[in-house]
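Chain by chain, the residues:
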2 protein chains.
Amino acid sequence: MADALAEIAGTMSFPPAPRRVIFTLDCDGDHRMSQTLQIVIALFPGVTHLDFTGPHQVLCRLPGAKVTVASLAGGEIEADGLVFARLPKLSDIETCDVLIVPGGFGTTQAMGDPDFIAEIRRLADGARYVCSVCTGSLVLAAAGLLKGKRAACHWAWRDQLALFGAVPDAARVARDGRYITGGGVTAGIDFALTLIAELAGDAVAQGIQLAVEYAPAPPFNSGRPETAPAEVLERITALYGQGMDERVAAAKAAAGVL
Amino acid sequence: MADALAEIAGTMSFPPAPRRVIFTLDCDGDHRMSQTLQIVIALFPGVTHLDFTGPHQVLCRLPGAKVTVASLAGGEIEADGLVFARLPKLSDIETCDVLIVPGGFGTTQAMGDPDFIAEIRRLADGARYVCSVCTGSLVLAAAGLLKGKRAACHWAWRDQLALFGAVPDAARVARDGRYITGGGVTAGIDFALTLIAELAGDAVAQGIQLAVEYAPAPPFNSGRPETAPAEVLERITALYGQGMDERVAAAKAAAGVL
């Protein structure tokens, strides 16, 4: 119990190798883990880093979990000026319990990369939960995983899910069976807390939420198309529209090979 | 205008060298920048990465701004399992317009590192805004910058600000003159949008908020001590209490040398 608490608060780092962890929470005794829970976050060039740093910061405090951030080539991935280094290769990861794919402008290329898509399919195959944040759901869809499934996505690209037979869902966090998907970028934090509650119970999620002081207070109410000032929505939509033909074409190409 | 919009949405990366940028927004013509705005985020070992990845993802979309993430030694910083690489040295940065110090368990050591504190003082000296997220305000306080100033901090360590003559503020984002400080970890996103509104006007902040879909929907209301379930608060407080004597002693030592 003390160990579990310490991890929630972030004072302990995770051990380098898998270990046996048994923990129970007094108020939610149904949640038990008998071995390390393997969580894999799969990066690609052009990822939006907050899509995964948000969930990572929350999930790395989940008692009994080991979070591995990896990429196809391993090594370094640059994202908006930050360089994430020492990444293992996806092919070096045998299996995982939870697979998470973030989004970003690079999803256009990632959807069309057969090696990356093959790794996503392989890891998803044995995973208990297959998850995404932002346009990461388009990658899952391109891997043929979301046919007939409801999924969330960044508002500006959400409709493209339908090209793959998935059902676009405007929810902040959408769940359909083992698929748990978050909306755009910052939805990753809400997604991760939802996933933690599923994995370890409400009390653990609430403890981590308190530890990272997640009591958001946006200075504006402009985070969704429905609430943004009309002029702001018009400008951002116009801007995204400039590259949209290319992105839709890439999605159609990815959908065509399924 | 097109360039400014593209940066908001994240389709353009920032140029490697400073440049002249003139931009105006139709609905908020008072905000103009005639040169690149230099934003520096100062990392230290033991930083909590979401403290700065949240603000970074938002600020790197601010038109006309260049965000530099640096550390005392340069090179790599590991944070909860993520390795941030290719960091420049703080001493190689001549001046900045905005200085941001994130927090984390490493603040205990950072407060007592005279070389790091000297760089914070030097960069703060010429900055238009001096900012922090989470326990980063304790670093600013240890640098002697917050005497008589109101400042935010992670709820569990907030009171320690008083050791340095600062005034603890429970606000999500606190402002006192040129000092803009955020509360714990996830407050960094609210802080960054507040800062952007200050620097470039409400419309730019609203556009970036829409681009990163910041319409938070926490699955629980456990992000503050005032709202967390009593048992959750008790557990996390008990846990933080275990290392608190050491941290308070470190803060007192840092305060003693002012």
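Residues numbered from 1 in each chain as written. Chains lettered and ligands numbered in written order. Predicted model: local features only at pLDDT ≥ 70, side-chain atom pairs only at ≥ 80, totals over all residues. Heavy atoms only, no water.

The name an unreviewed UniProt entry assigns to chain A is ThiJ/PfpI family protein, from the organism Caulobacter vibrioides.

Caption draft 1: Quick peek at the UniProt feature "domain: DJ-1/PfpI" (unreviewed entry) in chain A. UniProt's feature table lists "domain: DJ-1/PfpI" (unreviewed entry) at residues 39–197 of chain A, given in the numbering used throughout. Within residues 39–197 of chain A, the helical portion is 28% and the strand portion 27%, while the C-alpha atoms at the span's ends are 15 Å from each other. (UniProt positions renumbered as here; feature names shortened; annotations may be inferred. Helix = DSSP H or I, 4+ residues; strand = E, 2+ residues; numbered from the N terminus.)

Caption draft 2: Fine view of the packing of aromatic side chains. For the structure on display, the rule yields 13 aromatic pairs over all chains. Between Phe84(A) and Phe84(B), the aromatic rings sit 5.0 Å apart at their centres with planes inclined by 55°, giving tilted as the arrangement. Taken together, the residues span two chains, with Phe84(A) in strand E4 (residues 82–87) and Phe84(B) in strand E4 (residues 82–87). According to the relative accessible area criterion, Phe84(A) is buried, its value standing at 2%. Between the aromatic rings of Phe105(B) and Tyr240(B), the centroid separation amounts to 6.4 Å while the plane-to-plane angle is 45°, which identifies the pairing as tilted. Residue Phe105(B) is found in the loop between strand E5 (98–101) and helix H3 (107–110), and its partner Tyr240(B) is found in helix H8 (residues 230–242); the two are separated by 135 residues along the sequence. On the basis of relative accessible area, Phe105(B) is assigned to the partly exposed category, the value being 24%. Taking the relative accessible area as the measure of exposure, Tyr240(B) reaches 5% and is therefore buried. (Phe/Tyr/Trp six-rings, centres within 6.5 Å; stacked < 30°, edge-to-face > 60°. Buried < 20%, exposed > 50% of the residue type's maximum accessible area, 1.4 Å probe, protein only.)

Caption draft 3: Structural detail: the nonpolar core. By size, the foremost hydrophobic cluster in this structure holds 175 residues, and its most contacted members are Ile120(A), Leu195(A), Ile120(B) and Leu195(B). The contacts of Leu195(A), once residues within four sequence positions are left out, are Leu59(A), Val98(A), Ile100(A), Tyr129(A), Cys131(A) and Ile180(A). (Core = buried A, V, L, I, M, F, W, Y, C linked by side-chain atoms within 4.5 Å. Contact = heavy atoms within 4.5 Å.)

Caption draft 4: Molecular detail of unusual backbone geometry. Backbone geometry places Val185(A), a non-glycine residue, at a positive phi of 35°. Examined against the element boundaries, Val185(A) turns out to sit in the loop between strand E10 (179–182) and helix H6 (187–200). In the Ramachandran plot, Glu213(B) falls in the positive-phi region, its phi being about 50° despite a non-glycine side chain. By the secondary structure assignment, Glu213(B) is in the loop between helix H7 (202–211) and H8.

Caption draft 5: Highlighting the interface of chain B and chain A. With 73 residues of chain B in contact, the opposing surface of chain A contributes 73 residues. Counting each side, the surface lost to burial between chain B and chain A is near 6400 Å², with a carbon and sulfur contribution of 63%. Taken together, the links from chain B to chain A amount to 2 salt bridges. Residue Glu76(B) pairs with Arg86(A) through a salt bridge whose shortest N-O separation is 2.7 Å. Here chain B is connected to chain A by 41 residue pairs in polar contact (both at pLDDT 80 or more). For the side of chain B that touches chain A, the secondary structure elements donating two or more residues are helix H1 (2–9), helix H2 (49–59), E4, helix H6 (187–200), H7 and H8 of chain B. Each residue belonging to the side of chain B that touches chain A can be placed in one class, and the counts come to 42 nonpolar, 19 polar and 12 charged. As defined by bridge partners, E4(A) adjoins E4(B) across 3 bridges and the pair is classed as antiparallel. Pairing of Phe84(A) across the sheet is with Phe84(B), part of E4(B). (Buried area = accessible area lost by both parts, 1.4 Å probe. Salt bridge = Lys/Arg side-chain N within 4 Å of Asp/Glu carboxyl O. Polar contact = N/O pair within 3.5 Å; in protein donor to acceptor, adjacent residues only side chain to side chain. Nonpolar A, V, L, I, M, F, W, Y, C, P; charged D, E, K, R; others polar. Pairing = 2+ DSSP bridges.)

Caption draft 6: Up close: the state of the cysteines. Across all of its chains, the model carries 0 disulfides over all chains by this definition. Not part of a disulfide, Cys131(A) finds its nearest cysteine sulfur in Cys96(A), a span of 9.4 Å. In this structure Cys153(B) is a free cysteine whose sulfur lies 6.4 Å from that of Cys134(B), the closest cysteine sulfur available. Since its relative accessible area comes to 1%, Cys153(B) is described here as buried. (Disulfide = S-S within 2.5 Å.)

Caption draft 7: Expanded view of the sheet that holds strand E6 (residues 129–132) of chain B. Residues and elements named next belong to chain B. Pairing in this open sheet of 6 strands is mixed, and the strands run E2-E1-E5-E6-E10-E9 from one edge to the other. Taken across any chain shown, the strands that pair with only one partner, and hence form the sheet edges, are strand E2 (65–71) and strand E9 (173–176). Taking each pair of neighbouring strands and ignoring which way they run, the sheet shows an average axis angle of 15°. Relative to E2, strand E1 (residues 37–43) runs parallel, the two sharing 7 bridges. In the sheet register, Leu 43 faces E2, and the bridge partner there is Ser 71. (Axes fitted to C-alpha atoms, helices over the stretch in contact; angles between N-to-C directions.)

Caption draft 8: Geometry of the relation of the copies chain B and chain A. Rotating chain B by 180° and translating it 0.0 Å along the rotation axis places it on chain A, where the RMSD comes to 0.0 Å. A rotation of that kind, with that shift, is consistent with a two-fold axis. For chain B, the minimum C-alpha distance to the rotation axis belongs to Phe84(B) and amounts to 2.5 Å. Here 100% of the interface residues in chain B have copies in chain A that are interface residues too; the copies meet face to matching face. (Least-squares fit on C-alpha atoms with pLDDT ≥ 70 in both.)

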